[in-house]
Each structure stands twice: as C-alpha cells, then as structure tokens.
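One letter stands for each residue in the lines below.
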Amino acid sequence: MSDYNLIDEPWISVVIDYKGTTKLVGLKEFFEHAHEYIALAGDMPTQDFAVMRFLLAILHTVFSRYDAHGEAYEMIELNYRMQQIEKVDLEDEEDYEDALMETWKDLWNAKKFPEIVAKYLDAWHDRFYLFDDKYPFYQVTKEEIENIDSKFADNTNDKTTIKFRSMNRTISESGNKATLFSPKIEENKDILTNAELARWLITFQGVSNASDKKSINKMEGKSIGWIYNLGGVFLSSDNIFKTLMLNLILRHGDSQYNNIQNPCWEKEPETIYNEYLKNKTIDNVSELYTNWSRLMYYFPFRPKKSEIKQNMFRIVKTNSIPSENNFLEPMTIWKYYDKKYTPQKYKTNKAAWRSFGSFLNVNEDVRMPGVISHLNYIKKFIDESEVIQINAISAIDNNDAKSRTMINEFYDYFDLGLFIVNDLQSDGWIVRINDIVDKTKDVVEKIYRSFLNDIVKIRNLKSNAFTDNHVESMYFKIDKPFRDWLININYDDNKDEKEQIWNKELKKLVIRQAKIIIEQASPKDFTGIIENDSVKNIVTAYNNLMSNINKKL
C-alpha cells in the first residue's frame, strides 16, 4: 500500500509573508514557488537545517545532470530515470565544471527554479511515499528489518524500538524518564501528523542519539546522526530560492568530491543495506545530505489490554561517518588539532559573531566552511549590495556519552554585506573585523574580567559566579550594538574611522557597566584590602580598568 507522497502532499512548512504567516506545501509546489517564500518554518531550527539539506540534495542531484534550461550536459550519460550512469571522463572534467558554474549563474539570474526539478521528481515519484510496502521514504521494509534480525520484538522496552516522542526533538523523551514541561500531554506525545512525521523523520536521521543498542555492524561504537557532530553553518537571504542557491555548491572546491550524485531515494533497498554493511565511503554531497544514521521500519503497535495504538519505529544503527578532514561537508566550522580538522560544535552561551574567525579568516590554521568559501566562486554573479546572513546552528546533547540525548539547540546569526565577505585581502574588511572581534573579546575577557576579579578579591568571594555572570552580562550588553555596527558597514567606509566608532561604543558600554557596579558598592569595597604593600579597593580597580581600556582602544 502506498500513501502520502511527499511530492504532492503538503508537509514542508514555509513563511509566506512578513506577518509570519505559514503554510504547508509539497515538494513540487515548494520548488515551483520557492522564490515567493521567505524561509522554512518547521518545529525548530535544527529541523529546518535538516530539511534544507534534504532539499539541497534534490537540487545537487538535478543540476549535476541538467543545466538551468533543462538540457542534459553533453559530457554525461543519463538513463530513462534521469540518473547519471558513469562519471565524467577525465578529459571532460574542466568543461563540466565550467558548465556547472554557468548553470549556477543562469539559475541565480532566472530568480526561480526551472521545470526540470518537477520533471525529476515525477521520474522518482514512487520513492517519496511516506508509507509504502517497497520504498517507504527514508525507511526500510519489514522484510529488510527482519533480514537484519529475525527476532522482531513488539516490546516498548526493547532498545531497538523508539516511539514518536523520542523522534520529536521538542520532547526528546526516552522510555525511561518523562520530559518535564513537555509541549504535549501524555496522551498526545506519540501522535504526529503525516507532515510532522516526514519532517521529524528527516531530522532524526541527522540527530539520532547513542542510546539504542542494535547496530548493523557489531564492530561499530556509538553511532550518532551526522548533523549532531556539526557546528552547522548556512547562508540565507530574503527568500528561500536565494537561500538554497547560496548553499548550492554545484562545483565542489575539492575536485575529488565532484562525483556522481547518489541520494538515498535513487538506490534499491538491498543496495542501501549492503552499502551500510560494508561501510561504504560517502563521496558526494547528495549522499551525505541524505545519509541514514538508522535503518528504520515503521509499525503501529497496540499493547495488550489497550485500545490506544502506539506508533513506533524499529531501528538499527548504521556506521559512523569519519569526521577527520572530511571536507566533503561544506556546512560546518572546523577546529584544528593534532594536524587534523574536525567539525567544531558551538557553545550555547556564545554569540555567533564571537566566533567570527571560524567563519571568515585567512589564517593558515583556520579552514572556512565550504559554503562560505564557495562565495569566492559565485560572487561575480551576485550584486555586491546583497546582504548575506550567516547562520550558526548546533544540536546540544546532555553530555552523557551513553545516551547523547538532544536537550537543546544553539541557533544564532549575523548579517554581512557581500562585499565584506569577499574582501579577503591582508588589509581588507575580513581581517579588520576579525581583529576588532578579537580586541573586543580581549577587552571583555581580560580587562573587564580583571576588574571583576579585583572586586572578588576585595569581597573575599569564594566562587567565580560573580565574575562569570558579569562577563556574560557584558557580552549581552554589547551584542546588539556590535551587530548594528557590523550590518551598517558600507562599501566606501574608511576602515580606521569605522573601527574608532566601535572602539568608542565599546568603551562607553564597559565603563557604564563598571560604574553601575561602583554605584552598588558597599563601604567595604571602598576600604579594600592590602595587597603587595598597597591598597586595592574598588576605586583602584576602576582606575586600572580605565587605564587598560585606554591603552587597548
């Protein structure tokens, strides 16, 4: 039985106006009208990130084979289902890569997606049924799951089954412990509409945790969803078409990854199982974006003596994706350690602009995310007045290595003019802004923190809470002013003058907070303590603060 085809049925939530109105659309309608929608509007930003990568996989697949006019590239061979058969010949690679960039330019200039996307979806219509006996979307069949383990357990306590409440990351409830302050009452926790189920199914494959036991390969350790590892980065603009285009890397910066696009829906079930069993290397973006962290089989379950049907999935872990130097992944920041790069997650209490150097830097030991590096290839096709929003996202777990349950998410962004993003010269805006961010952090983390630590000594406090709380409060105070300063940089601005504007604002904000602390001081703060044969009190601490700020700024 085939039911609820995601090409036709509405399930993608989009914002359609600046009042915040949302609607659900199917895949065909989505790509036909993406230029009219403002943004994705799922249940949480992590879900939108996962769904966006799925949508990008479709675009990567289509436009690796067809140009913006719906014509197949002459250097590739396609079958009747619009599927690429063999890799491009070595002697044609350069022409093929040029054709890909021409396609990107033509798509951007057209300002909407062409009909070829809908034609491709029609060719693979049978692979997008949410419920199907042979090709269930992002799932395996009962026969396939039984081939993995013939002892199929209809038991809610079985670690290889999960309820909808565990997939729904706004609840993230296990079978052992109820979630406090759940957005759903107990009776509704395992109820999802088909639209919600489709979105959470895609999301779960990206952010599944480590609590389940059964693995397709007994030698594998704790396998979690690939998105869970990322300090996710994506670019966005004022409509979904532009957002998808800014993240659409038709020509990968590393030529070894310009391979045949191989999304999960183009594979036979037996092929999928064997590839995961043999731990096949992923070498193309569409396959990475549609990778399954779990083989999943949906079944409705009715416990004995109960009239309530429970919706569950039987799950089996696949193999982990290697993370070291895996530069196929274009949507993450990187950390460099022991001569290796690995994805770097964000800290929940740290604004994205404070990691500016991880997004945009020219230092040799900092690798820019692929979606930002890609701007160097496409910048000549985009008006320099375009404002680019750089988005940062991470799924946050509970710090328990045995479960890695998602308990929160980090999401933040900052805006930059395209001319800034592309200014990578030694005296350009990127280097200058990165230096300003570092200087700002020095003022807060060293100079202002030193002032606070002096007060801690004067008051003989035993905890670091006073200092840490005031430092974070200081970051909160400067957050909006810095974002405003950043977005108001104009192409013709004098860099020195612009830096001085921020220095004055930063100095004013820090001094204002310091004076508030002084106004709340007690007589003991003014009496102070003796340190190194001299008096240290709140006044001397303030004087040191002023002296150090004047030197720094």
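In case you missed it, the structure is sitting above this.
Nothing here was measured: the structure is a model prediction, and the numbers come from that model. Residue indices begin from 1 for each chain and proceed along its sequence in written order. Confidence filtering applies because this is a predicted model: local features only for residues at pLDDT of at least 70, side-chain atom pairs given and counted only at 80 or more, and all residues used for totals across whole chains, interfaces and linings. Side-chain numbers here rest on the full set of heavy atoms in the structure, without hydrogens or water.

**Notes on the pattern of salt bridges**
By definition, a salt bridge exists where a carboxyl oxygen of Asp or Glu is found within 4 Å of a side-chain nitrogen of Lys or Arg. As enumerated under the stated definition, the model contains 32 salt bridges in all. A salt bridge links Arg 449 to Glu 445, with the nearest nitrogen and oxygen atoms 3.1 Å apart. Placement of the pair is Arg 449 and Glu 445 together in helix 15 (residues 429-459), with a separation of four residues, close to one helical turn. Given the relative accessible area of 22%, Arg 449 is considered partly exposed. Here Glu 445 falls in the partly exposed class, since its relative accessible area comes to 29%. With its nearest N and O atoms 2.9 Å apart, the salt bridge here joins Asp 525 to Arg 459. Taken as a pair, Asp 525 in helix 18 (residues 523-527) and Arg 459 in helix 15 lie far apart in primary sequence, 66 residues in all. Linked through salt bridges whose partners overlap, the residues forming this network are Arg 81, Asp 126, Arg 127 and Glu 268. Strands are runs of DSSP state E lasting at least 2 residues, helices are runs of H or I lasting at least 4, and numbering of each runs from the N terminus. Note on exposure labels: buried denotes an accessible area under 20% of the residue type's maximum, exposed denotes more than 50%, and partly exposed covers the range between, all computed with a 1.4 Å probe on protein chains only.

**Considering the sheet that holds strand 13 (residues 406-417)**
Sheet strands associate in pairs through backbone hydrogen bonding, adopting either a parallel or an antiparallel arrangement. Spatial ordering of the open sheet is given by 7-12-13, a layout of three strands whose pairing is antiparallel. Each having just a single partner strand, strand 7 (232-236) and strand 13 make up the two edges of the open sheet. Within this sheet the neighbouring strands show an average axis-to-axis angle of 20°, counted without direction. Note that strand 7 and strand 12 (residues 387-397) share five bridges and pair antiparallel. By the bridge assignment, Gly 232 is partnered in strand 12 with Ile 393. Residue contacts are counted whenever heavy atoms from the two residues lie within 4.5 Å of one another. The axes used here are C-alpha line fits, helices contributing only the stretch in contact, and every angle between their N-to-C directions lies in the interval 0 to 180 degrees. Strands in contact with helix 16 (residues 465-487) are strand 12 and strand 13; relative to strand 13, the strand with the most contacts, it is inclined by about 40°. A pair of strands is labelled paired if DSSP reports no fewer than 2 bridges between them.

**Quick word on the side chain of Lys 267**
Structurally, Lys 267 is set in the loop between helix 8 (240-246) and helix 9 (269-277). Apart from the residues lying within four places of it in its own chain, the contact partners of Lys 267 are Arg 127, Asn 262, Ile 272, Glu 275 and Glu 287.

**Notes on empty space enclosed by the protein**
Cavities and pockets are found on a 1 Å grid laid over the protein atoms alone: a cavity is a set of points where a 1.4 Å probe fits but cannot escape, a pocket is an open set with protein on both sides within 12 Å along at least five of seven lines, and a lining residue has an atom within 4 Å of such a point. Grid points are joined across faces, edges and corners, and a volume is the space filled by probe spheres set on the points. This model, assessed by the stated rule, comprises four cavities of 30 Å³ or more. Its boundaries defined by the atoms lining it, the largest cavity holds a volume of some 140 Å³. Considering the residues around the largest cavity, the lining is formed by 16 residues, among which Pro 136, Gln 139, Cys 264, Ile 272 and Trp 292 are closest to the centre. Gly is put with the polar residues, along with every residue not named as nonpolar or charged; the nonpolar set is Ala, Val, Leu, Ile, Met, Phe, Trp, Tyr, Cys and Pro, and the charged set is Asp, Glu, Lys and Arg. Among the residues making up the lining of the largest cavity, the classes are represented as 10 nonpolar, one polar and five charged.

**Here's the deal with the packing of aromatic side chains**
Paired rings are identified among Phe, Tyr and Trp, the last through its six-membered ring, by centres lying within 6.5 Å, and are further divided according to the angle between planes into stacked (under 30 degrees), edge-to-face (over 60) and tilted (the rest). Using the criterion set out here, one finds 33 aromatic pairs in the structure. Look at Phe 54 and Phe 137: their rings are 5.6 Å apart centre to centre, the planes differ by 80°, and that puts the pair in the edge-to-face class. Of the two residues, Phe 54 sits in helix 2 (residues 45-63) while Phe 137 sits in the loop between strand 5 (129-131) and helix 5 (142-148), which places them 83 residues apart along the sequence. Across this residue pair, the class does not change: Phe 54 and Phe 137 are buried. An aromatic cluster is defined as three or more aromatic residues linked by ring pairs; in this entry it consists of Trp 11, Phe 54, Phe 128, Phe 137, Tyr 138, Trp 265 and Trp 292. Think of it as a cone above the ring: NZ of Lys or CZ of Arg counts as a charge over the ring if it is within 6 Å of the ring centre and within 35 degrees of the ring normal. The ring of Tyr 475 is capped by Arg 354, whose NZ or CZ atom sits 3.4 Å from the centre of that ring. Arg 367 extends its terminal NZ or CZ atom over the ring of Phe 327, reaching a point 3.5 Å from the ring centre.

**A few points about the nonpolar core**
Counting residues in hydrophobic clusters, the biggest one holds 171 residues, and the most contacted among them are Trp 11, Leu 27, Phe 30, Phe 54 and Phe 359. Examining the composition of this core, we find that 13 residues originate from one element, helix 15, more than from any other. Those residues in contact with Phe 30 that sit more than four places away from it in its chain are Ile 12, Val 14, Val 25, Tyr 37, Leu 40, Leu 55, Ile 240 and Leu 244. Each nonpolar core is a collection of buried residues, namely Ala, Val, Leu, Ile, Met, Phe, Trp, Tyr and Cys, held together in the definition by side-chain atoms within 4.5 Å.

**Quick notes on the sheet that holds strand 3 (residues 22-25)**
Judged by pairing direction, the sheet is antiparallel, and its three strands sit side by side in the order 3-2-4 without closing on themselves. Among the strands making up the open sheet, the edge pair consists of strand 3 and strand 4 (39-40). Pairing analysis gives two bridges linking strand 2 (residues 12-15) to strand 4, with the strands arranged antiparallel. Counted as the bridge partner of Val 14 is Leu 40 from strand 4.

**Thoughts on the pairing of strand 12**
Within strand 12, 10 of the 11 residues are buried, which leaves the element mostly enclosed by the surrounding structure. Pairing of strand 12 with strand 13 involves 11 bridges; the strand directions are antiparallel. Across the sheet, residue Ile 390 finds its bridge partner in strand 13, namely Phe 414.

**Notes on the side chain of His 252**
One can find His 252 in the loop between helix 8 and helix 9. Polar contacts here mean pairs of N or O atoms no more than 3.5 Å apart (in protein, one a potential hydrogen donor and the other a potential acceptor; neighbouring residues in sequence count only if both atoms are side-chain atoms). For His 252, the side chain forms a polar contact with the main-chain oxygen of Leu 328, separated by 3.3 Å. The contacts of His 252, once residues within four sequence positions are left out, are Tyr 257, Asn 258, Val 285, Phe 327 and Leu 328.

**Quick word on unusual backbone geometry**
Phi at Tyr 4 takes a positive value of approximately 60°, unusual for a residue other than glycine. Judged by its relative accessible area of 12%, Tyr 4 falls in the buried class. Positive phi outside glycine occurs at Tyr 138, with the angle close to 60°. Residue position: Tyr 138 is located in the loop between strand 5 and helix 5.

**A word on the environment of Gln 139**
On the secondary structure map, Gln 139 appears in the loop between strand 5 and helix 5. Between the C-alpha atoms of Gln 139 and Leu 201, which are 62 residues apart in sequence, the distance is 8.9 Å. Non-local contacts of Gln 139, meaning those with residues more than four positions away in its chain, are made with Leu 130, Leu 201, Trp 292, Met 296, Tyr 298 and Phe 313. A polar side-chain atom of Gln 139 sits 2.8 Å from the main-chain carbonyl oxygen of Phe 137.

**Some points on a negative patch on the surface**
Together, Glu 77, Glu 86, Asp 89, Glu 91 and Glu 93 give the surface a local cluster of negative charge. Given a relative accessible area of 41%, Asp 89 falls into the partly exposed group. Residues enter patches when they are more than 30% accessible in relative terms and free of salt bridges; like-charged ones are connected within 9 Å and nonpolar ones (Val, Leu, Ile, Met, Phe, Trp, Tyr) within 5 Å. Accessible surface is estimated by sampling points in the Shrake-Rupley manner with a 1.4 Å probe; for residues, cover comes only from the protein chains shown. In this count, Lys and Arg are taken as positive residues and Asp and Glu as negative ones, while His and the chain termini are left out. Here the site of a charge means NZ on Lys, CZ on Arg, CG on Asp, or CD on Glu.

**Looking at the packing of helix 15 against helix 19 (residues 538-552)**
Contact pair helix 15 / helix 19: the axes reach a minimum separation of 9 Å and the direction vectors enclose 170°. Considered as vectors, helix 15 and helix 19 are oriented roughly antiparallel to each other. Across from Lys 439, Asp 442, Val 443, Ile 447, Tyr 448, Phe 451, Asp 454, Ile 455 and Ile 458 in helix 15, the residues of helix 19 making contact are Ile 538, Ala 541, Tyr 542, Asn 544, Leu 545, Asn 548, Ile 549 and Lys 552. Here the residues of the contact of helix 15 with helix 19 are counted per class, giving 11 nonpolar, two polar and four charged. An angle counts as roughly parallel when it lies under 35 degrees, as roughly antiparallel when it exceeds 145, as roughly perpendicular when it falls between 65 and 115, and as oblique in every other case.

All quantities given are derived from atomic positions and should not be read as evidence of function.
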